[in-house]
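A structural walkthrough
Now for the letters of each chain:
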Amino acid sequence: NAGVTQTPKFRVLKTGQSMTLLCAQDMNHEYMYWYRQDPGMGLRLIHYSVGEGTTAKGEVPDGYNVSRLKKQNFLLGLESAAPSQTSVYFCASSYSPTGINNQPQHFGDGTRLSIL
Amino acid sequence: DAKTTQPNSMESNEEEPVHLPCNHSTISGTDYIHWYRQLPSQGPEYVIHGLTSNVNNRMASLAIAEDRKSSTLILHRATLRDAAVYYCILRAISNFGNEKLTFGTGTRLTIIP
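Below or above, wherever it landed, is the structure these notes cover. Please read all numbers here as calculations on a predicted model, not as lab measurements. (Residues numbered from 1 in each chain as written. Chains lettered and ligands numbered in written order. Predicted model: local features only at pLDDT ≥ 70, side-chain atom pairs only at ≥ 80, totals over all residues. Heavy atoms only, no water.)

The secondary structure content of chain A amounts to zero helices and 11 strands. From first element to last, N terminus to C terminus, chain A shows the α and β order β-β-β-β-β-β-β-β-β-β-β. In summary, chain A has a C-alpha radius of gyration of 14 Å against a globular reference of 13 Å for 116 residues, a match within 12%. Buried positions account for 48% of the 116 residues belonging to chain A. Intrachain contacts of chain A at a sequence separation of at least 6 include 56% that bridge at least 24 residues. Here chain A has roughly 5500 Å² of accessible surface; of this, 53% comes from carbon and sulfur atoms. (Helix = DSSP H or I, 4+ residues; strand = E, 2+ residues; numbered from the N terminus. Rg over C-alpha atoms; globule rule 2.2 N^0.38 Å. Buried < 20%, exposed > 50% of the residue type's maximum accessible area, 1.4 Å probe, protein only. Contact = heavy atoms within 4.5 Å. Areas by Shrake-Rupley, 256 points an atom, 1.4 Å probe, with all protein chains shown as cover.)

Okay, structure coming up:
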C-alpha cells in the first residue's frame, strides 16, 4: 500500500516551459488536493477535486490547471512556467467527507520544482 | 475563516513531555481543531483532531479549553523523531463536505538530545 505517490520528485524548468505533475493514490479516496509550500508561508491550496471528473479552485489557482480523469490520479499542469512558481508541491487525498466526517488528508512527499 | 496563532518555535528535551499551544479565539461552533505535523523533507502527517472534549491517540493528546478559544497538543514523551513543524488547523465541516485545510506557518519543534 503506497498511499499517495508524486512524480517526479525534483524538476528544473526554464521560464515558459510546460510540465505536468502526477499524483496517484491507492486508497480509493474521493477527494484529492494540490498544495504549494513556500518558505515562511505554510501550505496553500491550489486546486482540489471532490471526485472523478470534477475540479475546483483553491486559494492560489492562477497559472495552474488540473485534471481528474481517473479516480486514483490527479494531475497538476503548468502551461507556461514562471519563476514565481518555484516551490514545493504537495498532493493529498482523503476519503469522502460528507456531513461531519473528519477523515484526515494523506499527503505525498512532494515535488521540488525550480523555474529558472 | 477563523485563524489560529501558534508560537514560531519551541524547544524541548528528549524524553520529556511537550505542550504545543494554539490560540483560535474566533473559532465557530462547527470548527473542528486538527493538528498535522511535517517532518523534514516530507509531506504533512495527520496527528489528531477534536471538537470539544479532550482526545487521545497513539501519537498524542489534544486538550481543548472549555471556551474552545485555545487548545494544546501534548506529546507525552518527546523523541528525536518528533522534531517537526506542527500545524494547528481549524476545519469547517458542513453538509456540503468542505474539506479544505488552511495551513498557517506552524510551530517548529526542536528536540534537544
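Attention now moves to the layout of surface pockets. Once rolled over the atoms, a probe with the size of a water molecule shows which space is left empty. In this structure, the second largest pocket spans a volume of roughly 380 Å³. Elements represented by at least two residues in the lining of the second largest pocket include exactly β9 (87-94) of chain A together with β8 (84-92) and β9 (107-112) of chain B. Take the lining of the second largest pocket: its biggest share by element is three residues, from β8(B). Taken together, the residues of the lining of the second largest pocket sort by class into 11 nonpolar, seven polar and three charged. (1 Å grid on protein atoms, 1.4 Å probe; cavity = no way out; pocket = protein on both sides within 12 Å on 5 of 7 lines; lining within 4 Å. Points joined across faces, edges and corners; volume = space filled by probe spheres on them. Nonpolar A, V, L, I, M, F, W, Y, C, P; charged D, E, K, R; others polar.)

All names here are of chain B. The strand order β1-β9-β8-β3-β4 describes an open sheet built from five strands, whose pairing is mixed. The outermost strands of the open sheet, each flanked by one partner alone, are β1 (9-13) and β4 (45-50). The mean inter-strand angle of the sheet, taken between neighbouring strand axes irrespective of direction, is 25 degrees. Judged from the eight bridges that link them, strand β3 (residues 31-38) and β8 form a sheet pairing that is antiparallel. Looking across to β8, one finds that Tyr 36 is bridged to Tyr 87. (Pairing = 2+ DSSP bridges. Axes fitted to C-alpha atoms, helices over the stretch in contact; angles between N-to-C directions.)

All names here are of chain B. Counting residues in each nonpolar core, the largest one holds 21 residues, and the members touching the most others are Leu 20, Ile 33, Trp 35, Leu 73, Leu 75, Tyr 86 and Leu 109. Contributions of two or more residues to this core are made by β2 (18-23), β3, β4, β6 (61-64), β7 (70-75), β8 and β9. Looking at this core, the element that brings in the most residues is β8, giving four residues. Once you skip the residues sitting within four places of it in the chain, Leu 75 turns out to touch Glu 16, Pro 17, Val 18, Met 59, Ala 60, Asp 82, Tyr 86 and Leu 109. (Core = buried A, V, L, I, M, F, W, Y, C linked by side-chain atoms within 4.5 Å.)

Residue and element names in this part refer to chain B. By secondary structure assignment, the location of Thr 52 is in the loop between β4 and β5 (55-56). Exposure remark for Thr 52: the relative accessible area of 47% places this residue in the partly exposed category. The sequence separation of Thr 52 and Glu 11 amounts to 41 residues, and the corresponding C-alpha distance is 28 Å.

Below, the discussion takes up the state of the cysteines. Residues and elements named next belong to chain A. Considering all chains together, one arrives at two disulfides over all chains under this definition. One disulfide in the model links Cys 23 with Cys 91; its S-S distance is 1.9 Å. Disulfide Cys 23-Cys 91: torsion about the S-S bond near -75 degrees, hence left-handed. Taken as a pair, Cys 23 in strand β3 (residues 19-25) and Cys 91 in strand β9 lie far apart in primary sequence, 68 residues in all. The two residues Cys 23 and Cys 91 agree in class, both being buried. (Disulfide = S-S within 2.5 Å.)

Following Thr7(A), the chain continues to Pro8(A) via a peptide bond in cis, the omega torsion being -5 degrees. Along the chain, Pro8(A) turns up in the loop between β1 (4-7) and β2 (10-13). The backbone of Asn28(A) sits at a positive phi, close to 60 degrees, despite the residue not being glycine. Residue position: Asn28(A) is located in the loop between β3 and β4 (31-37). Overall, Asn28(A) belongs to the exposed group, its relative accessible area being 52%. You will see that Arg68(B), though not glycine, has its phi angle at about 65 degrees, which is positive. Summarising the element assignment, Arg68(B) is placed in the loop between β6 and β7. Taking relative accessible area as the criterion, Arg68(B) reaches 9% and is therefore assigned buried.

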